[in-house]
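# Examination of the molecular architecture
One-letter residues, chain by chain:
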Amino acid sequence: MATGVCIGASAGVGYWYGSENNSFKQQNAQPALGSEVSRIHAPAKIPNTEYENETKPSYYSDTSRSMHERMESFVLDLQDRLVVALESLEPSQKFIRDRWEREDGKGYGISCVLQDGQVFEKAGVNVSVIEGTLTPGQLRSMRERNPQTAKKLNANEQYDFRVAGVSVVVHPRNPYAPTAHKNYRRFEVYRKSCPEAGPVMAWFGGGADLTPAYLFEDDVKYFHQTLKQACDPHDPQYYPRFKQWCDQYFTNIHRNETRGVGGIFFDDLEDKEPEELFHFVYDAGNAFIKAYVPLVAKRMTMPYSQRERDWQLIRRGHYAEFNLVYDRGTKFGLMTPGARIESILMSLPLTARWEYMNQPEPGSPEARLLDAVRTTTEWAG
């Protein structure tokens, strides 16, 4: 018999995290479709959405510590802040915190997962701080995607790496509440033969993007404008540059459509001093909480039917296609020896749907969403 601890209950439904098979279990059947909207309420104030007015943490400016250590402190702090903000909307349960360590002792992670909630069907906020040796496939991939990397990293040498990052994917239950993704990381590469010489290369990467099943233009504009406000003080060209990069990167090429309505994305960012880039990533990472969580609060109580639920699951299928076919982070993780597969595939939705030749009716809300992901729009104005 599985043993576990109850982590939430409502309307006769109990949710259990079982120790026997390390999986979530439901005590009773699911409630009626959409019935949760009558039992959830948005808080008067969402925590951690006013980062600009808060006192900066010590790691923000503590140059006595290495940049890797400061990035580690940042992603752990950001994980906690986002978990608190998301939990403020979810009445049925809290995030499970699963700390793990690599079997080879080269790093650790903390996977925070909330599953089968009334507001969030699945939400993951993962931190990983790991090191290792680049495999030939990883080195080849890094050299191919960036000419500057190819100049600095010799194909015939061995390199070690270390990275600290936070990765977030949130799949709300209500079809009108959008899915969102965020990832911020710092990556360092060292010559295996001479690690004491310091990193051969070091860069920041990441971004945030929005994937709705139903299009609310005001929501999308707000999301983009909030990210733009975080980018502009650091470089007025960052938002338009990273917005375009996001549109290009998060594309399901085989469907000729973007995964969602975009946001910002960047990789191999080393165009300024590390201190300045760290402050940019700090602002961009915290801006996600302000840009996204209020949108869930706004839409999570909207009534919906089986039609909207089915369309949501179809769009989630397209989301999963991108993550499994194109996403660099997923590929890098799966190629890393000793990788923790559960955390890497945390981004996948709990449920998805593939219908043969599904075609929305012209002029329908579903068709409007398809129009949005098949064209490029300047949402921030």
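Look up: the structure comes first, before these words.
Note that the structure is predicted; figures quoted are calculated from it, not measured.

### A word on the overall build of the chain
Summing up its helical and strand segments, the chain has ten helices and twelve strands in all. Scaling as 2.2 N^0.38, a compact globule of 381 residues should have a C-alpha radius of gyration of about 21 Å, and the chain matches this with 21 Å. For the chain, buried positions account for 55% of its 381 residues. Nonlocal contacts in the chain, meaning residues at least 24 apart in sequence, comprise 71% of its contacts between residues at least 6 apart. Total accessible area computed for the chain in this model is approximately 16900 Å², and 50% of it derives from carbon and sulfur atoms. For the chain, the distance from the average position of its 45 positive side-chain charges to the average position of its 50 negative side-chain charges is 1 Å.

### Description of the side chain of Arg259
For Arg259, the location among the structural elements is in the loop between strand S11 (257–258) and strand S12 (262–269). Here Asp209 takes part through its side chain, which lies 2.8 Å from a polar atom of the side chain of Arg259. Other than its neighbours up to four places away in sequence, Arg259 contacts His181, Asp209, Thr211, Phe250, Thr251, Arg315, Tyr319, Phe322 and Asn323.

### Let's talk about the layout of surface pockets
Quantified by volume, the largest pocket comes out at close to 1100 Å³. Mapped onto the lining of the largest pocket, the elements with two or more residues apiece are strand S6 (120–133), helix H2 (136–145), strand S7 (159–172), strand S8 (179–191), strand S9 (201–211), S12, helix H8 (328–335) and helix H9 (341–344). Ranked by residues supplied to the lining of the largest pocket, first place goes to H8 with seven residues. The residue makeup of the lining of the largest pocket, split by class, is 20 nonpolar, 17 polar and ten charged.

### Considering the environment of Ile96
Along the chain, Ile96 turns up in strand S4 (residues 96–101). Residue Ile96 is classed as buried on the basis of its relative accessible area of 14%. Sequence separation between Ile96 and Asn156 is 60 residues, and the spatial gap between their C-alpha atoms is 43 Å.

### Regarding the packing of aromatic side chains
This structure, assessed with the given rule, holds 27 aromatic pairs. Residues Phe161 and Phe332 carry aromatic rings whose centres are separated by 5.7 Å and whose planes lie at 80 degrees to one another, so their mutual orientation is edge-to-face. Taken together, the residues Phe161 in strand S7 and Phe332 in helix H8 connect sequence positions 171 residues apart. Of the two residues examined, Phe161 and Phe332, each falls in the buried class. Note on Tyr238 and Phe280: the rings are 4.9 Å apart at their centroids and 55 degrees apart in plane angle, and the pair reads as tilted.

### Remarks on the pattern of salt bridges
Oppositely charged side chains are able to pair whenever their charged atoms sit close together. The tally for this structure, following the rule as stated, stands at 33 salt bridges. Residues joined in a network through salt bridges with shared partners are Arg145, Arg185, Asp267, Asp268 and Arg328.

### Description of unusual backbone geometry
Even without glycine at this site, Asn48 takes up a positive phi of about 65 degrees. Looking at the element boundaries, Asn48 is found in the loop between strand S3 (23–26) and helix H1 (67–87). Unusually for a residue other than glycine, Asn256 sits at a positive phi of about 55 degrees. Structurally, the position occupied by Asn256 is in the loop between strand S10 (251–252) and S11.

### Side note on the environment of Ile110
Structurally, the position occupied by Ile110 is in strand S5 (residues 107–115). Taking C-alpha positions, Ile110 is 24 Å from Asp62, a pair spaced 48 residues apart along the chain.

### Points about the sheet that holds S7
Hydrogen bonds between backbone atoms are what pair the strands of a sheet, whose relative direction is either parallel or antiparallel. Across the sheet, which stays open at both edges, the seven strands sit in the order S4-S5-S6-S7-S8-S9-S12 with antiparallel pairing between neighbours. The outermost strands of the open sheet, each flanked by one partner alone, are S4 and S12. Pairwise comparison of adjacent strand axes, ignoring direction, gives a mean angle of 10 degrees for this sheet. Where S9 meets S12, six bridges bridge the pair, whose relative direction is antiparallel. Bridged to Leu210 within S12 is Gly262. Sitting on the sheet, helix H4 (residues 217–231) is in contact with S9 and S12, with an inclination near 30 degrees to S12.

Calculation criteria
Residues numbered from 1 in each chain as written. Predicted model: local features only at pLDDT ≥ 70, side-chain atom pairs only at ≥ 80, totals over all residues. Heavy atoms only, no water. Helix = DSSP H or I, 4+ residues; strand = E, 2+ residues; numbered from the N terminus. Rg over C-alpha atoms; globule rule 2.2 N^0.38 Å. Buried < 20%, exposed > 50% of the residue type's maximum accessible area, 1.4 Å probe, protein only. Contact = heavy atoms within 4.5 Å. Areas by Shrake-Rupley, 256 points an atom, 1.4 Å probe, with all protein chains shown as cover. Lys, Arg positive; Asp, Glu negative; His and termini not counted. Charge placed at Lys NZ, Arg CZ, Asp CG, Glu CD. Polar contact = N/O pair within 3.5 Å; in protein donor to acceptor, adjacent residues only side chain to side chain. 1 Å grid on protein atoms, 1.4 Å probe; cavity = no way out; pocket = protein on both sides within 12 Å on 5 of 7 lines; lining within 4 Å. Points joined across faces, edges and corners; volume = space filled by probe spheres on them. Nonpolar A, V, L, I, M, F, W, Y, C, P; charged D, E, K, R; others polar. Phe/Tyr/Trp six-rings, centres within 6.5 Å; stacked < 30°, edge-to-face > 60°. Salt bridge = Lys/Arg side-chain N within 4 Å of Asp/Glu carboxyl O. Pairing = 2+ DSSP bridges. Axes fitted to C-alpha atoms, helices over the stretch in contact; angles between N-to-C directions.

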